[in-house]
Amino acid sequence: MTQPALEGLRILDMTQIAAGPYATLLLGFMGAEIIKVESCSRMDINRGLARPTPETYRMYPQGIPGERPWNRSAHHIHRNVNKRSVTLDLASPQGKELFLQLTAICDALIENYRASVLDRLGLGYAQLSAANPQLVYVKISSQGASGPETDYGSLGSTLEQTAGLASITGYEDGRPLMTNETYPDPVVGIVAVGALMAALRRRRQTGKGAFIDLSQREVAVALLGEAVVDYSLSGRVAAPIADRHLLMAPHGVYPCQGDDLWVAIAVGSDAEWRGLCHAIGQPELADDVRFATLPGRWQNQRALDDILSAWTRGRDHYEAMHILQRHGVPAGPVITPAEVIAEPHLEARGFWDTVDHPEAGPYRQVSTPWKLSKSPRRATSPAPGLGEHNGYVLGELLGLSAQEIATLEAKGIIGTRPVGMDEP
Amino acid sequence: MPESGLTLGDVCVLDLSQDIAGPFCSKLLAGLGAEVIKVERPGSGDVSRRAGAGLGVAPHPEQSALFLYLNTSKKSVTLDIDSQTGATILRKLAQECDLLVESFPPGYLDRLGLGYAALEQLNPGLIYTSVTFFGQTGPYRHLKGSELIAQAMGGLMQTIGLPDREPLKIGGNAACYTTGMSAFSATMIALYARDVQGYGQQVDVSAMETMTVAQIHSSIHHQFGRTPSRRESPLVEAKDGWVSPGLERGVRQDTWPRVCDMIGRPDLKDNPAFSTPEARREHQQDLLAILSGWTATQSKEEIYHLLQELRSVAGYVATVEDLFTSRQLVARQFFQAIDHPSAGKALYPGAPFRIQGDAWRHGRAPLLGEHNWEIYGGRLGLSTAELARLRGAGTI
């Protein structure tokens, strides 16, 4: 069996920035048809500015915006793979009408605008479910679809703060830090996939569509659930502990040969400790009473850090992992952005796709965090140019004639270039 | 199925997983209404029962916050699956179930005759979800992992923390929780395929790959010529904690002049160092220094609301304590009070998403082996004498 799991599922993608696009990217890998709706006056922010200013050049491959920068910005290239692009001016009555027709032939819609944006356009869940009672509407928003902060905006870094994650991330001085890499966004994208699957299952049971209210902040709070429950039970407020662990020691990252290269080591059991002593060529350490028990190792972890660092400094971070793992010690290199795209284990598992994007060139694309034995993922299809699939979506799916499509283009309801590009 | 029913009300899950990622997956399945039968080792149970909040704080096995949170709405049976009798009982249970979740080292269950190949013969519709650090294939599949190692090897950690310090782990168990979400979504995709196309399959979920998906940002920038590195977080101190003004991306044009008026610095409105989002990003530290005089006099939540009202993407660093008083989380009734016979009443994070018209189950975590009689006697029809014999042999 080689049929993709989600073949035949058609999803209207009204997402932008990160969390939403990650959800549809993953659904596309599993075989769903993703139709990304933008307009020439309001593109996905990932496409960058229509006319980039020099401060934003770093968003483009090799810092070069190129002829059509909106089709080759880094964020657009990797977040919008596996999607088809259609442009529709949703402020115009005809654009709205076409959007409703499109809604009627889709199984689901996913969006992550500020909470009230589509309602204001008259395209909220009430209107769309009237057009298609079987539609599953996934609303991803910063704070959820209700409550006093429902219209608040956020980035992944905002959520790390408001959900509490930053309050437990940091060095020993206790000052909070963020990932600066918008960690909650992909997390939300991943879990939104399961939420949609649940609602589609419910639709099979009841024959009716559904509205899914997904608050990114609430998803991020789930990442520190035990700290929440622990506070509720004991009053303890969790705080940053750098790379240490509340129970294990030694536990942290240790410097290796080379510039800014590190190996992570996490030792819990006595057996792992004895393995470590042998791995670093100091079997006598296993008999040192200071380190004989886990509480002892935890109390004396600074001394252990010094012993370990002295050993790791002389080694490559991958070599350190292999030596330690051969002795049963949990260890792994802190992998750099350069190494991750060439990682041999990920390579062997077929995790990366090499994509040759027509406007951005070749690059390696992240795929899925799962493998299904009988429902393989599809190979990546490159992120679409703006309006690249207008003909397919309006012609093949909605049955418009070539002449009707040309008229829409002349009226500026559809297009392939951002508004204002072709004026002096 | 009734209107207000549970989406997975007809689904039975056999949960052999322990610690965090696998149990978080099955917790979400249980929330949607699945019957989750958690199989634990007789005597000690899931390792998370022994996870304390700090060294010397060895929790009672029924009172570990980690276990209580991760195992809501599940049933617990004890079973020594390493024994032949135990393995036979497990095979019987697997025939009764739709999904199986496990987190053993690859190959371990195969050697007990409980791998996917063996169970598929007995139950072709079974979805068998394996949740591990490195996955079921590839050169690292037998390596030992941990939360820290998953964060390190996913490529994310190298870019987190301060430039003059070592790479920093995200606090808590973020990688394992996220891996649980991967496992949940992957299992739901497989269930969709079974509902529509009619077959079961094995689902292979890896924490390393989950974290590599989460670093998606860094590797693309690296490939396009700008390698991300560790850098200071854009946080500034308020009267009672930390805030980020959120003025660099996703803000309206009139946000900045209004902020200038609010902080009493109208002279900054047209200062080219700050007048565009890109310029503010470029001069982030200067901007924070200017704002610090104003932020130091206000509470972090006040600043958050004031700046959000001006359409910024401001944030405030909430501690776990602050979460319980967040007016938004309170208004949405996100936290759920759950009582437990040993640990008592506590507030738990609720459903991570809500399907309109659908309920989410907020049942308590089970006591070790609490459902032995119900499952072995009721479900499998074992007699009281047989159960006593199994107990005597240490099988349950």
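Scoring rules and cut-offs
- Residues numbered from 1 in each chain as written.
- Chains lettered and ligands numbered in written order.
- Predicted model: local features only at pLDDT ≥ 70, side-chain atom pairs only at ≥ 80, totals over all residues.
- Helix = DSSP H or I, 4+ residues; strand = E, 2+ residues; numbered from the N terminus.
- Buried ≥ 20, exposed ≤ 12 C-beta atoms within 10 Å, placed from the backbone.
- Contact = placed C-beta atoms within 7 Å.
- Pairing = 2+ DSSP bridges.
- Axes fitted to C-alpha atoms, helices over the stretch in contact; angles between N-to-C directions.
- Domains from an automatic or database assignment.
- Arc of directions from axis to C-beta.
- Core = buried A, V, L, I, M, F, W, Y, C linked by C-beta atoms within 7 Å.

### Points about the overall build of chain B
Counting secondary structure elements, chain B contains 17 helices and twelve strands. Projected onto its principal axes, the C-alpha positions of chain B cover 85 × 50 × 45 Å. Looking at chain B as a whole, 56% of its 396 residues qualify as buried. Residue pairs at least 24 apart in sequence account for 71% of intrachain contacts in chain B once pairs closer than 6 positions are excluded.

### What to know about the sheet that holds strand β9 (residues 331-333) of chain A
All names here are of chain A. Across the sheet, which stays open at both edges, the three strands sit in the order β7-β8-β9 with antiparallel pairing between neighbours. Edge strands, defined here as strands with exactly one partner in the open sheet, are β7 (251-255) and β9. Taken pair by pair, the neighbouring strands of this sheet meet at an average axis angle of 20°, ignoring direction. With five bridges connecting them, β7 and strand β8 (residues 262-266) associate as antiparallel partners. Residue pairing in the sheet places Tyr 254 in a bridge with Val 263 of β8. The sheet contacts of helix α12 (residues 301-312) involve β7 and β8, and relative to β7 the element is tilted by about 40°. Of the strands in this sheet, β8 and β9 are in contact with helix α13 (residues 317-326), which crosses β9 at around 165°.

### A word on the domain arrangement of chain B
Partitioning chain B into domains gives domain 1 (12-216 + 333-392) and domain 2 (236-316). Look at where the C-alpha atoms of domain 1 of chain B and domain 2 of chain B centre, and you get two points 43 Å apart.

### What to know about the interface of chain A and chain B
Of the residues lining the interface, 126 residues belong to chain A; the matching set on chain B comes to 122 residues. With 15 residues, the single largest contributor to the side of chain A that touches chain B is helix α7 (residues 184-206) of chain A.

### So, unusual backbone geometry
Residues and elements named next belong to chain A. Following Ala 249, the chain continues into Pro 250 via a peptide bond in cis, with omega recorded as -5°. Mapped onto the fold, Pro 250 is located in the loop between α9 (225-234) and β7. Of note, Asn 180 is a non-glycine position whose phi angle comes to about 60°, a positive value. Inspection of the secondary structure puts Asn 180 in the loop between α6 (156-162) and α7. Judged by the 21 C-beta atoms lying within 10 Å of it, Asn 180 falls in the buried class. You will see that Thr 182, though not glycine, has its phi angle at about 45°, which is positive. Within the element layout of this structure, Thr 182 appears in the loop between α6 and α7. In this structure Thr 182 comes out as buried when scored by C-beta crowding, with 21 C-beta atoms within 10 Å.

### Considering helix α13 (residues 300-309) of chain B
Turn by turn, an α-helix covers 3.6 residues, leaving residues three or four places apart pointing in a common direction. Residue and element names in this part refer to chain B. Every buried residue of α13 is listed here: Lys 300, Ile 303, Tyr 304, Leu 307 and Gln 308. Each buried residue of α13 lies within a common arc of 125° when the element is viewed along its axis, so the set occupies one face. Looking at the buried positions of α13, the neighbouring elements they touch are β7 (236-238), β8 (241-244), α12 (284-295) and β9 (315-316). After α13 finishes, the residue Arg 311 shows a positive phi value of roughly 65°.

### Quick look at the sheet that holds β9(B)
Residue and element names in this part refer to chain B. Strands sit in the order β7-β8-β9 across an open sheet of three strands; the sheet is antiparallel. Taken across any chain shown, the strands that pair with only one partner, and hence form the sheet edges, are β7 and β9. In this sheet, β8 lies alongside β7 in antiparallel orientation, the contact comprising three bridges. Paired with Glu 237 across the bridge in β8 is Trp 242. Packed on one face of the sheet, α12 meets β7 and β8 and runs near 5° to β7.

### Some remarks on the pairing of β8(A)
All names here are of chain A. With five of five residues buried, β8 lies mostly within the body of the structure. Neither face of β8 is exposed, since Trp 262, Ala 264 and Ala 266 on one face and Val 263 and Ile 265 on the opposite face are all buried. Of the strand pairs in this sheet, β8 and β9 are connected by three bridges, and their pairing is antiparallel. Bridging from a neighbouring strand, Ala 264 pairs with Gly 332 of β9.

### Some words on the domain arrangement of chain A
According to the domain assignment, chain A contains domain 1 (10-222 + 350-410) and domain 2 (251-340). On a C-alpha basis, the centroid separation for the pair domain 1 of chain A and domain 2 of chain A is 42 Å.

### A few points about the nonpolar core
In terms of nonpolar packing, the biggest core is built from 243 residues, with Val138(A), Leu196(A), Ile212(A), Val263(A), Ala264(A), Leu29(B) and Ile189(B) touching the most fellow members. It is helix α7 (residues 174-197) of chain B that contributes the most residues to this core, 14 residues altogether. Those residues in contact with Ile212(A), other than ones at most four positions away along the chain, are Val136(A), Tyr137(A), Val138(A), Lys139(A), Ala195(A), Leu196(A), Ala199(A), Phe353(B), Arg354(B) and Ile355(B).

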